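# Results of the structural survey
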Amino acid sequence: MTLTADTPSAAAAPISSIRQHYWVRMPEPASHLFEIELRFDDLNCDRPFTLKFPVWTPGSYLVREYARHLQEFAVFDREDRLVPWHRIDKQTWEIDTRAAGDRIRVHYRLYAYDLTVRTNHLDTTHGFFTGAATFMYADERRQEPIQLTVCPPQPNWQIATALDPVSSSVPGEPQTFVARDFDWLVDSPVEVGLHQKQAFDVLDKPHEFVIWGHGNEQLERIVADTQKIIEIEAELFGGLPYDRYVFLLHLSASGGGGLEHKNSTVLNYPRFAFSNPERYDRFLSLIAHEFFHLWNIKRLRPEALEVFDYDRESYLSCLWFCEGTTSYYDTLILRRAGLISIETYLKLLSKRIGQLQAIPGRRIQSLVDSSFETWIKLYRQTENTSNSQVSYYLKGEVVTALLDLAIRDRSGNDNSLDTVMRELWQQFGQVEKGYSDRELREAFERAASTSLNDVFENYIEGTVELDYNYFLQPFGLQLDAKPGDKPPVPQVGLTLKAESGTIKISRVDMGSPAQTAGIWAGDELLALNGYKVTVETWRDRLRDYQPGQTVTISIFQREELKQVDVTLADPVSEQYEIVPVSNPNAEQKQRCTDWLGGFPSVPQSSIVDEVG
């Protein structure tokens, strides 16, 4: 069993016995520099003291080299004399404690100008920092408690975090918190600055929604909808596994995303995206997604993440479940909470299917490989990404939907994916014992009361095309696919983008007419059959031609003018919609009702991003 802050035996030590104390100051916010101070007591003077800086943060699977933002590292003893040190590698500092005595004070500054949920940001309105991107740690003291004192630079700046305070909160004054160990500190981001705040209770537990920035958000509406999401997810797992929870929302110009933590989450969303119904629904899905993670991945974790290794990658094959299954639930939770209609839910699922079917890489990379290779591929996309990769978020969500339907169908509607989640939570999540890939699969098959080889071997471990209607038919539904245009556009296989007054080809589908003719990403598109085209006119011009015809496409390729003959192919399906089958019977309607709380009344269209 891994000792965590959620277990009674991990109770915080008395403050007087804590041997490590961290400070975060921001005296000049306009410089974007945090000042960090770490004090360590009771050192063993017979051996060097080693400090490390994390290279990644849990929940974001990329080595980010956080130490690259560090500058002006120095070490002092009790008398403020400099202590010798040397650097072992990119993330490790070794300090000569023979010269330091039993206490040292480490000082460094961090440049913080990257406004994401996994990095640090400091300006004249706020300071945001997350543990892995901010703090060094001593391996030998990872399991010990840490005091953290945060010092706001202005009297009207407030502090928001899920950490437990050990001093009273006075706006603008330093405040001290305690983290039960380094993992807990990493898992507790801190927002300091000018905020909107609203406190609320759900199931007799306190929550807080904190917003930095301004736009067209309506905090009361957001909080009311968030309460519904919390209630539905708590019902699924049988309660809330924390004492207090904090939502931190950053409103930005065009950002997006979230990062989960045990007792909080950090969200980033465009400031003027809340009045548009579809964009607001996406925001609620983001909340539902990150909140669902407090169970799935934060406490219910695979073996590779049972103990975090901040020095290097932790390889795992089940991110399709950790992230993809969470993505499936984030929209389903909105449906269960009554925040979206059945038709809207099916429209959104249809859109995900359309996005997946538009990616050639779905035939190349399996979900297992996508999960395992996340460290080198998902966050390092190239012009060939769509041809060779598939996202474990996207395909994981779609395959999870099919798994849910398969479990419901094969168990005679006695069980569902909810059954799997509850069993895994009780067996592994509550005690934070890591599960294996085999144990994960066995939980799915127990719920289905039969083998799920067809799904796991074909769709998770393999790259077989998904047979959507096989899974949808028992629920009175089917997937229709058809070209989105009338008349349809012959296939070329190019994706275009306007760039500095030119038309760049950003993607060429492998095996498409354009690719086989010798056109590739990065080329500049000039003309079609001798006439200039733009991003806006490209598809309209293609409608003048039929599949099988040959056209001449003019391009600049590495500054060389080329005339490339391309034979057009049949249109590809660009529009997908899940609709009722003809004359669904009572059993089909009941199964759909058990799944989605009703049966759809009319077909709903979902158009995916266009490619030509």
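Residues numbered from 1 in each chain as written. Predicted model: local features only at pLDDT ≥ 70, side-chain atom pairs only at ≥ 80, totals over all residues. Heavy atoms only, no water.

Core analysis: the largest hydrophobic core is formed by 153 residues, its most contacted members being Phe209, Phe283, Trp320 and Phe444. Apart from residues lying up to four places away in sequence, Phe444 is in contact with Trp320, Phe321, Leu403, Ile407, Leu417, Val420, Leu452 and Phe456. Core analysis: the second largest hydrophobic core is formed by 21 residues, Val492, Trp538, Tyr545 and Ile553 among them. (Core = buried A, V, L, I, M, F, W, Y, C linked by side-chain atoms within 4.5 Å. Buried < 20%, exposed > 50% of the residue type's maximum accessible area, 1.4 Å probe, protein only. Contact = heavy atoms within 4.5 Å.)

As a further point, take helix 12 (residues 453–460). When helix 12 is considered as a whole, its buried residues turn out to be Val455, Phe456, Tyr459 and Ile460. Seen from one end, helix 12 has its buried residues packed into an arc of 110°, which puts them on one side. Where the residues of helix 12 are buried, they touch helix 5 (319–336), helix 7 (367–372), helix 9 (394–410), helix 11 (437–448) and helix 13 (468–472). (Helix = DSSP H or I, 4+ residues; strand = E, 2+ residues; numbered from the N terminus. Arc of directions from axis to C-beta.)

Glancing now at the sheet that holds strand 13 (residues 175–179). Read across the sheet, seven strands follow the order 4-7-2-1-10-13-12 without closing on themselves; strand pairing throughout is mixed. Two strands in the sheet have a free side with no partner beyond their single neighbour: strand 4 (70–76) and strand 12 (164–165). Here strand 1 (residues 20–25) pairs with strand 2 (residues 33–40) via six bridges, running antiparallel. Bridge pairing in strand 2 links His21 to Arg39. (Pairing = 2+ DSSP bridges.)

This next bit is on empty space enclosed by the protein. Per the counting criterion, the structure on display carries six cavities of 30 Å³ or more. Within this model, the largest cavity holds a volume of roughly 70 Å³. Looking at the lining of the largest cavity, its residues break down into six nonpolar, three polar and one charged. By volume, the second largest cavity amounts to about 50 Å³. Forming the walls of the second largest cavity are Leu349, Ile353, Val398, Ala401, Leu402, Leu405, Tyr468, Leu472 and Ile578. Residue assignment for the lining of the second largest cavity shows that the elements contributing at least two residues are helix 6 (342–357), helix 9 and helix 13. Per element, the largest residue contribution to the lining of the second largest cavity is four residues, and it comes from helix 9. (1 Å grid on protein atoms, 1.4 Å probe; cavity = no way out; pocket = protein on both sides within 12 Å on 5 of 7 lines; lining within 4 Å. Points joined across faces, edges and corners; volume = space filled by probe spheres on them. Nonpolar A, V, L, I, M, F, W, Y, C, P; charged D, E, K, R; others polar.)

What follows is about the packing of helix 11 against helix 12. Axis angle and axis distance: for two packed helices, these are the angle between their axes and the distance between the axes, and together they describe the pair. One can describe the packing of helix 11 onto helix 12 by two numbers: an axis separation of 10 Å at closest approach and a directional angle of 135°. One way to sum up the angle between helix 11 and helix 12 is to call them oblique. Residues Arg441, Phe444 and Glu445 of helix 11 lie in contact with helix 12, whose contacting residues are Asn453, Phe456 and Glu457. Residues belonging to the contact of helix 11 with helix 12 are distributed by class as follows: two nonpolar, one polar and three charged. (Axes fitted to C-alpha atoms, helices over the stretch in contact; angles between N-to-C directions. Parallel < 35°, antiparallel > 145°, perpendicular 65-115°, else oblique.)

Those residues of helix 10 (residues 417–429) not exposed but buried are Leu417, Asp418, Val420, Met421, Leu424, Trp425, Phe428 and Gly429. With its buried residues spanning 155° around the axis, helix 10 presents them on a single face. Buried residues along helix 10 sit in contact with helix 3 (219–237), helix 4 (277–292), helix 5, helix 9 and helix 11. Its side-chain oxygen placed 3.1 Å from the backbone nitrogen of Asp418, Ser416 serves as the N-cap of helix 10. (Polar contact = N/O pair within 3.5 Å; in protein donor to acceptor, adjacent residues only side chain to side chain.)

Looking at the element boundaries, Glu217 is found in the loop between strand 16 (205–212) and helix 3. Lacking a salt bridge, the buried Glu217 has Arg271 as its closest oppositely charged neighbour, with an N-O distance of 7.1 Å. Engagement of the side chain of Glu217 in a polar contact is seen with the side chain of Gln196, the distance being 2.7 Å. Within the structure, Glu217 has its side chain in polar contact with the backbone nitrogen of Gly215 (distance 2.8 Å). Excluding residues within four positions of it along the chain, Glu217 makes contact with Gln196, Ile211, Ile222, Leu251, Arg271 and Phe274. (Lys, Arg positive; Asp, Glu negative; His and termini not counted. Salt bridge = Lys/Arg side-chain N within 4 Å of Asp/Glu carboxyl O.)

On to the packing of helix 3 against helix 4, then. Where helix 3 meets helix 4, the closest approach of the two axes is 10 Å, and the angle between their N-to-C directions is 40°. Judged on the interaxial angle alone, helix 4 and helix 3 are oblique. The interaxial crossing formed by helix 3 with helix 4 has right-handed handedness. Side by side, helix 3 and helix 4 meet where Arg221, Ile222, Asp225, Thr226, Ile229, Ile230, Glu233, Leu236 and Phe237 of the first sit next to Tyr280, Phe283, Leu284, Ile287, Ala288, Phe291 and Phe292 of the second. Each residue belonging to the contact of helix 3 with helix 4 can be placed in one class, and the counts come to 12 nonpolar, one polar and three charged. (Left-handed = near helix turned anticlockwise from the far one by under 90°.)

Below, the discussion takes up the pattern of salt bridges. In this structure the tally under the stated criterion is 37 salt bridges. Put simply, Lys90 and Glu65 hold a salt bridge, and the shortest N to O gap is 2.8 Å. Separated by 25 residues along the polypeptide, Lys90 in the loop between strand 5 (85–89) and strand 6 (92–95) and Glu65 in the loop between strand 3 (49–52) and strand 4 bring together distant segments of the chain. Residue classification places Lys90 among the partly exposed positions, given a relative accessible area of 44%. Close ionic contact of Lys497 with Glu499 constitutes a salt bridge, the shortest N to O distance being 3.5 Å. Residue classification places Lys497 among the partly exposed residues on the basis of a relative accessible area of 39%. Using a relative accessible area of 32% as the deciding quantity, one classes Glu499 as partly exposed.

Mean pLDDT over the protein works out to 94, with 96% of the residues at or above the 70 mark. In the predicted structure, residues 604–612 sits below a pLDDT of 50 and forms 29 contacts with residues beyond four places in sequence or in another chain. (pLDDT = per-residue confidence, 0-100.)

Mapped onto the elements, Leu148 comes out in strand 10 (residues 146–151). On the basis of relative accessible area, Leu148 is assigned to the buried category, the value being 1%. Residues within four places of Leu148 in sequence aside, it is in contact with His21, Tyr22, Val24, Phe129, Phe135, Leu163, Gln175, Thr176, Phe177, Leu185 and Val190.

Here we come to the pairing of strand 9 (residues 126–129). Of the two faces of strand 9, both are covered, the one formed by His126 and Phe128 as well as the one formed by Gly127 and Phe129. Relative to strand 9, strand 8 (residues 121–122) runs antiparallel, the two sharing two bridges. Looking at strand 9, one finds that His121 is bridged to Phe128. In textbook terms, the turn of a hairpin is the stretch between consecutive antiparallel strands, and for strand 8 and strand 9 this stretch comprises three residues. Relative to strand 14 (residues 190–193), strand 9 runs antiparallel, the two sharing four bridges. Bridged to Phe128 within strand 14 is Glu191.

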